[in-house]
Amino acid sequence: MTACRDLIVIGGGLIGSAIAWGAARTGADTILLDEGDAALRASRGNFGLVWLQGKGMGHPDYMDWSLRAGRLWPRLAEILNVETGIDIGWRGGGGLHFCLSAQEMQTRRDLIRLTAAQGGDISIQMLDRNELKSLVPGIGPEVTGASRSNLDGEVNPLLLLRALQRGLQMHGGHLHPNHQAEHINVSDDGQGFVIHTAYKKTFAAKKIVICAGLGTTALARQVGIALPLFPERGQIVVTERVRPFLGYPSNAVRQTMEGTVLLGSSHENAGFSTGTDVQTIARLCRNGTRIFPALRAARLIRAWGALRIMTPDGLPVYEESETCPGAFVVTCHSGVTLASVHGLELGPALANGSLSPAPPSMRSARFDISAY
């Protein structure tokens, strides 16, 4: 007979891994089901930014939720390092959004004004060209300045994912790779759920959390939640290792701790394609070399595409099923930025059957499902 666990998390990306880790830290008997490398993994294809400038504009609940995550990030990085011994490459201290025209500078000033008007508790300052050049001397002649916030940071998303999954297991949780969930049934006694995977395995738990990326829609439907999700492709280019020149995360150019440089990223309606194209790669390279001309001498070693998980309004969904209480859905396209609050606050709450930390406005009822 299948043992009944406290919680099953479906989806082994950053969202699911953070929630499962957070739940296991409370002592909950937790299982994480991961589809495996066949999955369309946003977690393994993103830019690695913890980015708060402009996050949640027009949606104060989401803005506050994101800023809360930003403030929790140093704590998350420290805890994971102590628990697992993995340095996830966290670097805070503020991020730079480079501007290449006077109009872009004015757009950033407007963003700062609107953020303050909407109650955003974040410090964003404008740096003119000379102030910026004192921080990053290698900027090109077209760079007019930048905005800089106090909360933006960066992390190695692959090491973050590894640390969360190792931490889960160190707290007694169970990771099952290559186990794609296919069917969800309410248990015979009505007190939990039974998950059937594509590999004919069965798992049971009192509560479940579905955060299976673009596979969430089909699984959520089985517990009575109608949720429209769409893929958005982003392409990224990476160079060979070069001498350190950029000690800050930024919106278009990011130098990793290892010395490689990421140039990104695009926003494309390409269906479920994770491919790349020469035109987009050329545009990303052109933009990066306008900001840092020295990059023209760097060799490109790789480019890739990955899919963001998008709702119609671009905001997250945190929901409990009305027809199947104890079944939850969590989805967003900011798995890196929100990993701290998902792991440290939402995971423990979900282990106890509560969504209370998450913004109550982030429910799927805001969508007219008949329109999709």
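One can find the structure itself at the top, above this paragraph.
Residues numbered from 1 in each chain as written. Predicted model: local features only at pLDDT ≥ 70, side-chain atom pairs only at ≥ 80, totals over all residues. Heavy atoms only, no water.

A.B. asks: Mind showing me how you'd approach helix 7 (residues 278–291) here?
C.D. replies: In an α-helix, one turn spans 3.6 residues; hence positions three or four apart end up facing the same way. The first and last C-alpha atoms of helix 7 sit 20 Å apart over 14 residues, in line with the 20 Å expected at 1.5 Å per residue. Those residues of helix 7 that fall on the buried side of the exposure criterion are Thr280, Ile281, Leu284, Cys285, Gly288, Thr289 and Ile291. Projected onto a plane normal to the axis of helix 7, the buried residues spread over an arc of 160 degrees and lie on a single side. Exposed residues pointing more than 90 degrees away from the buried face of helix 7 are listed as Val278 and Gln279. As for helix 7, its buried residues are in contact with strand 4 (96–99), strand 12 (230–239), strand 13 (253–255), strand 14 (261–264) and strand 15 (300–310). (Helix = DSSP H or I, 4+ residues; strand = E, 2+ residues; numbered from the N terminus. Expected span 1.5 Å × (residues − 1). Buried < 20%, exposed > 50% of the residue type's maximum accessible area, 1.4 Å probe, protein only. Arc of directions from axis to C-beta. Contact = heavy atoms within 4.5 Å.)

A.B. asks: Hey, could you run me through the nonpolar core in this one?
C.D. replies: Nonpolar side chains tend to gather and get buried jointly when the protein is soluble and globular. In terms of nonpolar packing, the biggest core is built from 55 residues, with Trp73, Ile88, Leu160, Val209, Tyr318 and Val330 touching the most fellow members. Counting only elements with at least two residues in this core, the list comes to strand 1 (4–10), helix 1 (14–25), helix 2 (60–84), helix 5 (157–170), strand 17 (327–331) and helix 8 (339–351). If you tally residues by element for this core, the top one is helix 2, at eleven residues. (Core = buried A, V, L, I, M, F, W, Y, C linked by side-chain atoms within 4.5 Å.)

A.B. asks: I would appreciate a short explanation of the side chain of Ser364 in the present structure.
C.D. replies: Secondary-structure assignment places Ser364 in the segment after helix 8. Apart from residues no more than four positions distant in its own chain, Ser364 is found in contact with Ile225, Ala226, Leu227, Val317 and Glu319.

A.B. asks: So what exactly am I meant to see when it comes to the packing of aromatic side chains here?
C.D. replies: The description of an aromatic ring pair rests on the distance of the ring centres and on the angle between the ring planes. By the definition in use, this model includes four aromatic pairs. On the basis of an interplanar angle of 15 degrees and a centroid distance of 5.1 Å, the ring pair of Trp73 and Trp90 is categorised as stacked. With a gap of 17 residues between them, Trp73 in helix 2 and Trp90 in the loop between helix 2 and strand 4 connect regions that are remote in the sequence. Relative accessible area serves as the criterion here: at 0%, Trp73 is assigned to the buried category. An aromatic cluster is defined as three or more aromatic residues linked by ring pairs; in this entry it consists of Phe98, Phe245 and Phe292. (Phe/Tyr/Trp six-rings, centres within 6.5 Å; stacked < 30°, edge-to-face > 60°.)

A.B. asks: Would you mind going over the sheet that holds strand 13 with me for this structure?
C.D. replies: Backbone-to-backbone hydrogen bonds pair the strands of a sheet. The strands run either parallel or antiparallel. With respect to topology, four strands assemble into an open sheet ordered 13-14-12-15, the strand pairing being antiparallel. Pairing within the sheet leaves two strands with one partner each, and these edge strands are strand 13 and strand 15. For this sheet the average axis-to-axis angle between neighbouring strands, irrespective of direction, equals 25 degrees. Of the pairings in the sheet, the one linking strand 12 to strand 15 comprises ten bridges and is antiparallel in character. Counted as the bridge partner of Arg233 is Leu307 from strand 15. Its contacts with the sheet place helix 7 against strand 12, strand 13, strand 14 and strand 15, and it is angled at close to 55 degrees to strand 12. (Pairing = 2+ DSSP bridges. Axes fitted to C-alpha atoms, helices over the stretch in contact; angles between N-to-C directions.)

A.B. asks: What is the right way to read the environment of Ile139 from this model?
C.D. replies: Position of Ile139 relative to the elements: it lies in the loop between helix 4 (129–135) and strand 6 (145–149). Ile139 sits 41 residues away from Phe98 along the chain, and the two C-alpha atoms are 9.4 Å apart. Among all residues touching Ile139, those that are not within four sequence positions of it are Phe98, Arg129, Leu132, Lys133, Ile291, Phe292 and Pro293.

A.B. asks: What is the right way to read the pairing of strand 9 (residues 181–186) from this model?
C.D. replies: Regular strands place side chains that alternate from one sheet face to the opposite one. Across five bridges, strand 9 lies against strand 10 (residues 193–197) in antiparallel orientation. Across the sheet, Val186 pairs through a bridge with Phe193, a residue of strand 10. As consecutive antiparallel partners, strand 9 and strand 10 are separated by six residues, and within that stretch Gly190 has a phi angle of approximately 75 degrees, a positive value.

A.B. asks: Explain the sheet that holds strand 4 to me, please; I cannot follow it from the model alone.
C.D. replies: The three strands are arranged 4-6-5 in an open sheet whose pairing can be described as antiparallel. Strands with a single pairing partner mark the edges of an open sheet, and in this sheet they are strand 4 and strand 5 (124–128). Taken pair by pair, the neighbouring strands of this sheet meet at an average axis angle of 20 degrees, ignoring direction. Direction of pairing for strand 5 relative to strand 6: antiparallel, over a ladder of five bridges. Note on strand 6: the bridge partner recorded for Asp128 is Gly145. Against the sheet, helix 3 (residues 102–117) touches strand 4, strand 5 and strand 6, its axis set at about 160 degrees to strand 5.

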